[in-house]
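An overview of the molecular structure
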Amino acid sequence: MNLERKWRILLAIALGTIMVPINASIVNVSLPTITVFFSSSIAVSEWVITAYLINLLGFVLLFGRLGDFYGHERIYLIGLLTFVFTSFLCSLSTSIYLLIVFRAFQGIAAALMISVSMGIVRDAFPLSQTGKALGIYAVAIAAGLAIGPVLGGVLQTLFNWQTIFLVNVPTGIISFLMCYKILDRGETKKVKLDISGAILQYTSIFSTVYLLYNFQNLEINYLSIILLLMAVLSLYLFLWNEKRAENPLLDLDMFKNKSFSAFNLSLFFNYVSMYMILFIMPFYLQKVLKFNPALTGLVLTINPVIIMVLAPLSGILSDRYGSRLLAVIGALISAAAFYSMNFLTMFAGVFDVIWRLALLGLGAALFQAPNNRAIMNVIPDKNKGIASSIIVTMRNLGMVFGVCVAGILLSFTIDPTLLEQNVLYNLNAYNFTAGMHLVVLLGAFLSILIFLLSPVGIYRQKIAETKEVIHESEIIPTSQELINGSREIINESELLTYSKELIKDSELLKHSKEMINSFDSLNKRKKVLKKHYEEIGLLRSKKR
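As a convention, each chain's residues are numbered from 1 in the sequence order in which they are written. Where totals are concerned, whole chains, interfaces and linings use all residues; where local detail is concerned, this predicted model gives features only for residues with pLDDT of at least 70, and gives and counts side-chain atom pairs only at 80 or more. The side-chain quantities take in all heavy atoms of the structure and omit both hydrogens and water.

Attention shifts here to the overall build of the protein. Note on conventions: DSSP H or I runs of at least 4 residues are helices, E runs of at least 2 residues are strands, and numbering of each starts at the N terminus. Summing up its helical and strand segments, the protein has 23 helices and 0 strands in all. Sorting the 544 residues of the protein into buried and exposed places 47% on the buried side. In this description, contact between two residues means that some pair of their heavy atoms is separated by no more than 4.5 Å. At a minimum sequence separation of 6, the contacts of the protein that also span at least 24 residues come to 84%. Only the protein chains shown count as covering a residue, and every accessible area follows the Shrake-Rupley method with a 1.4 Å probe. Total accessible area on the protein is roughly 28,000 Å²; 66% of this is exposed by carbon and sulfur atoms. Exposure is judged per residue with a 1.4 Å probe applied to protein chains only, and the accessible area is read against the type maximum: over 50% gives exposed, under 20% gives buried, and values in between give partly exposed.

This next bit is on the confidence of the model for the protein. The quantity known as pLDDT measures the predictor's confidence residue by residue, on a range of 0 to 100. Summing up the model confidence of the protein, the mean pLDDT is 76 and the portion of residues at 70 or higher is 74%. When pLDDT is averaged over each helix and strand of the protein, the minimum, 50, is found for helix α19 (residues 458–472) and the maximum, 89, for helix α18 (residues 426–453).

Further remarks concern the nonpolar core. Formed by 108 residues in total, the largest nonpolar core has its most connected members in Ile13, Tyr284 and Val353. If you tally residues by element for this core, the top one is helix α12 (residues 258–288), at 16 residues. If we skip the residues at most four places from it in the chain, Ile13 touches Tyr76, Ser117, Ile120, Val121, Tyr137, Cys179 and Leu183. To define a nonpolar core, start from buried Ala, Val, Leu, Ile, Met, Phe, Trp, Tyr and Cys residues and group those joined through side-chain atoms within 4.5 Å. Formed by 20 residues, the second largest nonpolar core is a distinct cluster that contains Ile18, Ile34, Ile96 and Ile164.

So, on to the packing of aromatic side chains. The description of an aromatic ring pair uses the distance of the two centres, along with the angle that the planes make with each other. A pair of Phe, Tyr and Trp rings is counted when the ring centres sit within 6.5 Å of each other, with Trp represented by its six-membered ring. The angle between the planes then sorts it: under 30 degrees is stacked, over 60 is edge-to-face, the rest tilted. Tallying each qualifying case throughout the model produces 9 aromatic pairs. The interplanar angle of 50° and the centroid separation of 5.3 Å between the aromatic rings of Phe59 and Tyr202 together place this pair among those described as tilted. Here the residue Phe59 occupies a position in helix α4 (residues 47–70), and Tyr202 occupies one in helix α10 (residues 195–215), the gap between them amounting to 143 residues. For Phe59, a relative accessible area of 23% puts it in the partly exposed group. Of the residues examined, Tyr202 reaches a relative accessible area of 25% and is grouped as partly exposed.

Before going further, it helps to spend a moment on the packing of helix α6 (residues 96–124) against helix α16 (residues 350–377). Put simply, α6 and α16 touch, their axes get as near as 11 Å, and they point 80° apart. Between α6 and α16, the crossing angle belongs to the class labelled roughly perpendicular. On α16, the residues that touch Met118, Gly119 and Arg122 of α6 are Asn372, Met376 and Asn377. Here the term charged refers only to Asp, Glu, Lys and Arg, the term nonpolar to Ala, Val, Leu, Ile, Met, Phe, Trp, Tyr, Cys and Pro, and the term polar to all other amino acids, Gly among them. When grouped by side-chain class, the residues that make up the contact of α6 with α16 number 2 nonpolar, 3 polar and 1 charged. Simply put, an axis is a line fit to the C-alpha atoms, just over the touching stretch for a helix, and the angle between two N-to-C directions goes from 0 to 180 degrees. When describing relative orientation, an angle under 35 degrees is termed roughly parallel and one over 145 degrees roughly antiparallel, while 65 to 115 degrees is termed roughly perpendicular and anything else oblique.

What follows is about helix α14 (residues 302–321). Each helix should span, by expectation, one fewer than its residue count multiplied by 1.5 Å. Helix length check: α14 (20 residues) gives 27 Å between terminal C-alpha atoms against 28 Å at 1.5 Å per residue, within 8%. The angle between axes fitted to the seven-residue stretch ending at a residue and the seven-residue stretch beginning at it gives the bend at that residue. Maximal helix bending in α14 amounts to about 40°, located at Leu310; proline Pro312 follows within four positions. Within the span of α14, buried status applies to Asn303, Pro304, Ile307, Ala311, Pro312, Ser314, Gly315, Ser318 and Asp319. Where α14 terminates, the next one or two residues include Gly322, which has phi positive at roughly 95°.

Next up on the list: unusual backbone geometry. Backbone geometry places Lys290, a non-glycine residue, at a positive phi of 65°. The topology assignment puts Lys290 in the loop between α12 and α13 (293–300). When its relative accessible area of 46% is taken as the criterion, Lys290 is described as partly exposed. With phi around 50°, Asn426 is a residue other than glycine that occupies positive phi space.

Right, let's talk about the side chain of Asn270 for a bit. Along the chain, the position of Asn270 falls in helix α12. Excluding residues that lie within four positions of it along the chain, Asn270 makes contacts with Phe367, Gln368 and Ile450.

On to the packing of helix α5 (residues 72–91) against helix α9 (residues 168–182), then. Helix-helix packing is described using two parameters, namely the angle between the two axes and the distance between the axes. Between α5 and α9, the least distance of the axes is 9 Å, while the angle of their chain directions is 165°. In terms of axis orientation, α5 runs roughly antiparallel to α9. Remark: the crossing between α5 and α9 carries left-handed chirality. From α5, Tyr76, Leu77, Leu80, Leu81, Phe83, Val84, Ser87 and Phe88 reach across to α9, where they touch Asn168, Val169, Gly172, Ile173, Ser175, Phe176, Cys179 and Tyr180. Looking at the contact of α5 with α9 residue by residue, the classes come out as 12 nonpolar, 4 polar and no charged. Here a crossing is called left-handed whenever its near helix is offset anticlockwise from the far helix by less than a right angle, and right-handed whenever the offset is clockwise.

The next thing to look at is helix α1 (residues 5–17). Its 13 residues place the ends of α1 18 Å apart at the C-alpha level, agreeing with the 18 Å of an ideal helix rising 1.5 Å per residue. Looking at α1, one finds that the buried residues are Lys6, Ile9, Leu10, Ala12, Ile13, Ala14, Gly16 and Thr17.

Here we take up a nonpolar patch on the surface. A cluster of nonpolar residues, Ile220, Tyr222, Ile225, Ile226, Leu229 and Met230, forms a patch on the protein surface that exposes about 700 Å² of accessible area. Among the secondary structure elements, Ile225 is positioned in helix α11 (residues 222–244). Since its relative accessible area comes to 43%, Ile225 is described here as partly exposed. Exposure above 30% relative accessible area and the absence of a salt bridge qualify a residue for a patch, where like charges join within 9 Å and nonpolar side chains (Val, Leu, Ile, Met, Phe, Trp, Tyr) within 5 Å. Every case where a carboxyl oxygen of Asp or Glu lies within 4 Å of a side-chain nitrogen of Lys or Arg is listed as a salt bridge.

Structural data, given as structure tokens:
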């Protein structure tokens, strides 16, 4: 099958990138088994997930900036190869602490891949097709998040927990061979990396994530205060450093673009609201509605499947009608879906939950691909690597904040220790449902904020898109092409040729040339005239 090069690039990138969200969710199912296997505590085992997520967040901006100078393709290939190797190491872990270390390195490899993947896809397609391409890219992310838990459960049931990491090896090798063949490695540029900024940014993210996990117990202790101070101080120092760095890790001037800032904030709100409900819904289905795990998994796949099916379509529509209209519609549908979940009770049926999750998936599908397209199109090409990294950071921060905020809201209405029970009855079930209502109302509020952020910078966005279309247009020539074309028209003009011949054959021109070239004749005529005027002057003087 002979596919165009741009589609082969998208296929190769999607095949490799899908492993990143899979490994963000596949461990969740196997975590109880891993805990028993290594005889560790839940608190220690949770770091198998947290170490991966923190490093994915902490390094993505650094690698995005590195990709702008060293080459997005090189960074992606290095990350893909490292991801395969660290996945193999995870399967060989002999202790829980060694597994945590290998998972941390796997998170760094994931940051290498995900920080530049969207920039590669955007670079491979013209502006008129970026929405469609990014929509398919969004399918890969949604598919990874959807099939991660299912794949992990199947592999663990049929084999053992080590296979959830070994599955990355053949997939990664195939993707690497495809990418190595199809991707061009351009010239590299020398750059002085902002190491101090990278350290401060990592410290801020680490402190924030750790603080959010600590807040889920609704306890304020000395550790919480220290983490809060570290997060605020490191964030302030990071911003101060970025304003003065020669090659900043994060170009703060990018956020002066109102459209860029608004769309990124909208993306963050969208993932916070989405992952609040995705975190709390499994507990509601199993502990309140008493669904079995198989039915729970089937119901939870409705949302990502809707996104997978409709995201490419929304990308195509954004190419034709623009990003803002679809983003606004998606935000309103999401708000309606969240508000409808406020009417779920202890006695809801399967269909009551399914149609609400499907409606939420529709809103997310209409919002995410056009929003990503808008972000990538409002910034210059030189910053597309760091812009891709910012999108990844916002997405993963939204995931972390969503889970933590949902846990905190749920703790207001029910004791978290009660969730260790297999089923909740009577008052406990009612209290859990009340906590879920707080979560969905917050999701509706955030969706309304997304709707209000959509008109920000709309005129600047239209001007930027128009300039890009004109720049890429083959119909409208550049200024140099106009000059060259005008020269050819003038040189080939029959009127110009006739005028040249007419002037060349002119008798006046010939006579003028002879007079100019004959200096003796001119001098002779001057002397005759001078003598004549002198004689006239003498006659007049005699008469007087």
